[in-house]
Amino acid sequence: MSKLDETKQKLDTISPTFCLAKWQQVTIHLQNGHTHSCHHPQTHKIPIDELEYNPSALHNTSYKKLIRKQMLDGERPKECNYCWSVEDTEGSHHSDRIKKSSNSTWAMPYFDRVSKSKWQDNIQPAQVEVSFGNVCNMKCVYCSPVFSSEWWSEVKNHGSYPTQDNYNNLEWIAETDRTPYLNREENPYVDAWWKWWPELKIELKTLRITGGEPLLNKNTFKLLDDLEHDPQPHLTLEINTNLSIATETIIKALNHLKKLKKEGCVKDILIHTSCDAFGDQAEYIREGMHYDNWLTHCEMVRRSGISLHIMVTANMLSIDTMLSFMKDIYRLKHVYKGVTYGVSILHSPRFLNVLNLPKNEYWTNKFKELDAFVKQNELTDINEFNYVERLKNYFLENTWTKAEAEKMRKDAVDFLAEIDRRRNKNFANTFPVYNFLIQK
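Criteria and cut-off values
- Residues numbered from 1 in each chain as written.
- Predicted model: local features only at pLDDT ≥ 70, side-chain atom pairs only at ≥ 80, totals over all residues.
- Heavy atoms only, no water.
- Buried < 20%, exposed > 50% of the residue type's maximum accessible area, 1.4 Å probe, protein only.
- Helix = DSSP H or I, 4+ residues; strand = E, 2+ residues; numbered from the N terminus.
- Pairing = 2+ DSSP bridges.
- Right-handed = clockwise from strand over helix to strand, strands pointing away.
- Expected span 1.5 Å × (residues − 1).
- Contact = heavy atoms within 4.5 Å.
- Polar contact = N/O pair within 3.5 Å; in protein donor to acceptor, adjacent residues only side chain to side chain.
- Core = buried A, V, L, I, M, F, W, Y, C linked by side-chain atoms within 4.5 Å.

Engineer: Mind showing me how you'd approach the pairing of strand β8 (residues 266-274) here?
Structural biologist: Regular strands place their side chains on alternate faces of the sheet. In terms of residue burial, β8 counts as a mostly covered element, since 7 of its 9 residues are buried. Here strand β7 (residues 232-240) runs beside β8; their pairing, made up of 6 bridges, is parallel. Following the sheet pairing, Gln232 is matched in β8 by Val266. Crossover β7 to β8 through helix α12 (residues 247-262) is right-handed. Both β8 and strand β10 (residues 307-314) contribute to a ladder of 5 bridges, which runs parallel.

In structure tokens, the structure reads:
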């Protein structure tokens, strides 16, 4: 019996809908007071009045407790439909409910404690991802004003983009109660975090700080100071950073992290950073990036003794030079141990999805060449190969309908023209092989 089969069998002793992620894992967006456990369900608002007497309501909201009750009672919460659709598919399939619950760090070790708890109980999660704010120096084309202050300022000044869904519309963000607090404003959710932190850190196994750009937020350095003065040697600390800020700020952060690691204040440290393409195409996708500086900063991270994971978001604009970019990643992997990468497929906004590329020989070969390079390289681990193989198969095996394709193309053309106008860019010069897209 496989590990996943064993996990399912054990979960079924509680109920056929039980999932440990709903108790043991949480992502908290303090910039607007939203939270969710597992990345599939939409976030929901944390009621401020619940925080007044229970700061752990950053995780243990009344809404989430009711979802836990449904799971304990064998009901299927609607917000978890992604997993139910997988489990209802014919054949043998393991949904993310099973995969996440099998995690040996933050999930399965807590099975007995969670299964014996009451649905009303406040639970201390073992894995937390937290964003202290949306302050960021970049405007990646697939990001949002919720996560980037630069995006917020641009849309505030110029309006939403002229796509059919008004991409990054501030009114829609307000309607869904996701408007972020400004960096200079008092934020009750950040206040609640610091009230909860002394209790939370005692059992916390993994803490991942994201943003915005966390190295531009004072709360990140406040937390590093706290870990130095009150070590948590059981804790793995992870930080998402674009590594495209001032070198002096990166050096300051690395010196702090090196000290935490050397003195055993934490169990381990990992930096996550992002890039999706090579050179000026990467800089177009991730406005505010300087590609060569980013590579230099990646080397600085590894020379400091901190492990580095590169997150690649595969989108329509990244494929043309992704192989060249991947060769730079492998040069890093060759020189420095402790460099890994992962590839996710961009699904939102849909007009930047890779399925907008033509199914012709040129683009098909791009995916196959990338796949072959990764497969043949001795530095590739199985997870990295699976990521790239999945990307290739996704492109080759899926397609838009004719109506979808035309809608996506129109939105992409309008979006990119507006990017050029607002940001003084030139898409045609940066992406010359994409003329098929912008031709009217």
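Continuing now.
Engineer: Could you clarify how one ought to interpret helix α17 (residues 382-397) in this entry?
Structural biologist: The periodicity of an α-helix, 3.6 residues per turn, causes residues three or four positions apart to be oriented the same way. For α17, with 16 residues, the first-to-last C-alpha span of 22 Å sits near the 22 Å given by 1.5 Å per residue. The set of residues buried in α17 consists of Glu384, Phe385, Val388, Leu391, Lys392, Tyr394 and Phe395. For α17, the secondary structure elements touched by its buried residues are β10, α15 (322-335), β11 (339-345) and α16 (361-376). Between the side-chain oxygen at the start of α17 and the backbone nitrogen of Asn383 there is a gap of 3.0 Å, and the oxygen is on Asp381.

Engineer: Whenever I open this one, the nonpolar core confuses me. Can you help?
Structural biologist: For soluble globular proteins, the rule of thumb is that nonpolar side chains tend to be buried together. If you look at the biggest cluster of nonpolar residues, it comprises 111 residues, and the most contacted ones within it are Trp193 and Leu207. If sequence neighbours within four positions are ignored, Trp193 has contacts with Ile28, Leu30, Leu58, Val128, Val130, Phe132, Leu200, Leu207 and Leu223. Core analysis: the next-biggest nonpolar cluster, separate from the first, contains 19 residues, Met71, Trp84, Tyr110 and Phe111 among them.

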